[in-house]
Amino acid sequence: MKRFFIASVFTLIFALPLFAVDPCVSGVPVGKRPGPYSFLIATGPERGKPTCFICEQGDKPTALVFARTLSDPLGKLLGKLDAEAVAKKDKGFKVWMTHLTPTADLNALAKWSQKQGLKDCPVGAFEDADGPPAYKIHRDADVTVLLFVKQKVVANFAFRAGELDDKQIGAILFSVPDLFEGK
């Protein structure tokens, strides 16, 4: 019986890594250029208009968030990135969120944004749940965050539903200063 127990424990210990979920990989890889895309803005002066912030940003530091689900952790992340954008506005830092959805509900999106207390972070919708084709957003990615400057991605984060938490938000925020090195 003792040998059976020990064998079972070893089997379980060595089998656990087989069940571990690989990290989600989504979006434009680090070192690559994010391409232009337009989406419908739900908040701010561009409300209701198709806009391409990629085109407007050029070489400036940027945080782009793609999301399939509007959640409290997503709102917390955007709130923190929004505060960074306000603090670094003089350096051209811009943050926006693109909701990936088959049909845009700009009113609901605007209400959600207001509930999250977003001040300077535009929120809009891309009317295709797969996202802009050139971005290759993984189907399992609930949230994809791209940090880029000088038209190159310097950090890429992707999370399945339920994976975005305070620790992950901290990791994203820890990478934001990388956008300003050498500027």
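Residues numbered from 1 in each chain as written. Predicted model: local features only at pLDDT ≥ 70, side-chain atom pairs only at ≥ 80, totals over all residues. Heavy atoms only, no water.

S.K.: How would you sum up unusual backbone geometry? Please name residues and give values.
M.R.: With phi around 50 degrees, Lys136 is a residue other than glycine that occupies positive phi space. Positive phi is not limited to glycine here, since Gln151 has a value of about 60 degrees. For Gln151, the position within the fold is in the loop between strand S6 (143–149) and strand S7 (152–159). Judged by its relative accessible area of 25%, Gln151 is partly exposed. (Helix = DSSP H or I, 4+ residues; strand = E, 2+ residues; numbered from the N terminus. Buried < 20%, exposed > 50% of the residue type's maximum accessible area, 1.4 Å probe, protein only.)

S.K.: Pulling in residues and values, what's your account of the packing of aromatic side chains?
M.R.: Evaluated as defined, the whole model comprises eight aromatic pairs. For the pair Tyr37 and Phe66, a centre-to-centre distance of 5.5 Å together with 40 degrees between the ring planes defines the contact as tilted. Here Tyr37 is found in the loop between helix H1 (2–19) and strand S1 (39–41), whereas its partner Phe66 is found in strand S3 (residues 62–67), with 29 residues between them in sequence. Relative accessible area serves as the criterion here: at 1%, Phe66 is assigned to the buried category. (Phe/Tyr/Trp six-rings, centres within 6.5 Å; stacked < 30°, edge-to-face > 60°.)

S.K.: Please provide a residue-by-residue account of the pairing of S6, values included.
M.R.: Side chains on a regular strand alternate between the two faces of the sheet. Among the seven residues that make up S6, seven are buried, leaving the element largely enclosed by the rest of the structure. Both faces of S6 are covered, namely the face carrying Val143, Val145, Leu147 and Val149 and the face carrying Thr144, Leu146 and Phe148. Both S3 and S6 contribute to a ladder of six bridges, which runs antiparallel. In the sheet register, Val65 faces S6, and the bridge partner there is Val145. Of the pairings in the sheet, the one linking S6 to S7 comprises seven bridges and is antiparallel in character. Within S7, the residue paired with Phe148 across the bridge is Val153. Counting the residues in the hairpin turn of S6 and S7 gives two residues, including Lys150, whose phi is positive at 50 degrees. (Pairing = 2+ DSSP bridges.)

S.K.: Any chance you could break down the side chain of Thr101 for me, citing the residues and the numbers?
M.R.: Position of Thr101 among the secondary structure elements: in the loop between strand S4 (94–100) and helix H4 (106–116). Those residues in contact with Thr101 that lie beyond four places of it in its chain are Ala125, Phe126, Glu127, Asp128 and Ala129. (Contact = heavy atoms within 4.5 Å.)

S.K.: Tell me about H4, and please be specific about residues and values.
M.R.: Quick reminder: α-helices carry 3.6 residues per turn. Residues three or four places apart thus point the same way. Buried within H4 are the following residues: Leu106, Leu109, Trp112, Ser113 and Gln116. Burial along H4 is one-sided: seen end-on, the buried residues are contained in an arc of 125 degrees. Summarising the geometry of H4, the exposed residues directed more than 90 degrees from the buried face are Lys111, Gln114 and Lys115. Lining the buried residues of H4 we find S1, helix H3 (72–87), S4 and strand S5 (123–126). Following H4 by one or two positions, Gly117 adopts a phi angle in the positive range, close to 75 degrees. (Arc of directions from axis to C-beta.)

S.K.: How would you summarise the sheet that holds S3 if you had to cite specific residues and measurements?
M.R.: In space, the seven strands of this open sheet follow the order S2-S1-S5-S4-S3-S6-S7, with mixed pairing throughout. The sheet terminates laterally at strand S2 (50–51) and S7, the two strands that pair on one side only. On top of the sheet, H3 reaches S3, S4 and S6; it is set at about 165 degrees to S3, its chief contact. Its contacts with the sheet place H4 against S1, S4 and S5, and it is angled at close to 145 degrees to S5. (Axes fitted to C-alpha atoms, helices over the stretch in contact; angles between N-to-C directions.)

S.K.: Hey, could you go over H3 for me, with residue numbers and the actual values?
M.R.: A rise of 1.5 Å per residue sets the reference length of H3, with its 16 residues, at 22 Å; its end C-alpha atoms lie 23 Å apart and thus fit the reference within 8%. Residues of H3 that are buried: Leu74, Gly75, Leu77, Leu78, Leu81, Asp82 and Ala85. All buried residues of H3 project into a common sector of 160 degrees when viewed along the axis, lining one side. More than 90 degrees from the buried face of H3, the exposed residues found are Asp72 and Ala87. Close packing links the buried residues of H3 with S3, S4, H4, S6 and helix H5 (166–175). Capping the start of H3, Ser71 holds a side-chain oxygen 3.2 Å from the backbone nitrogen of Leu74, two or three residues further along. (Expected span 1.5 Å × (residues − 1). Polar contact = N/O pair within 3.5 Å; in protein donor to acceptor, adjacent residues only side chain to side chain.)

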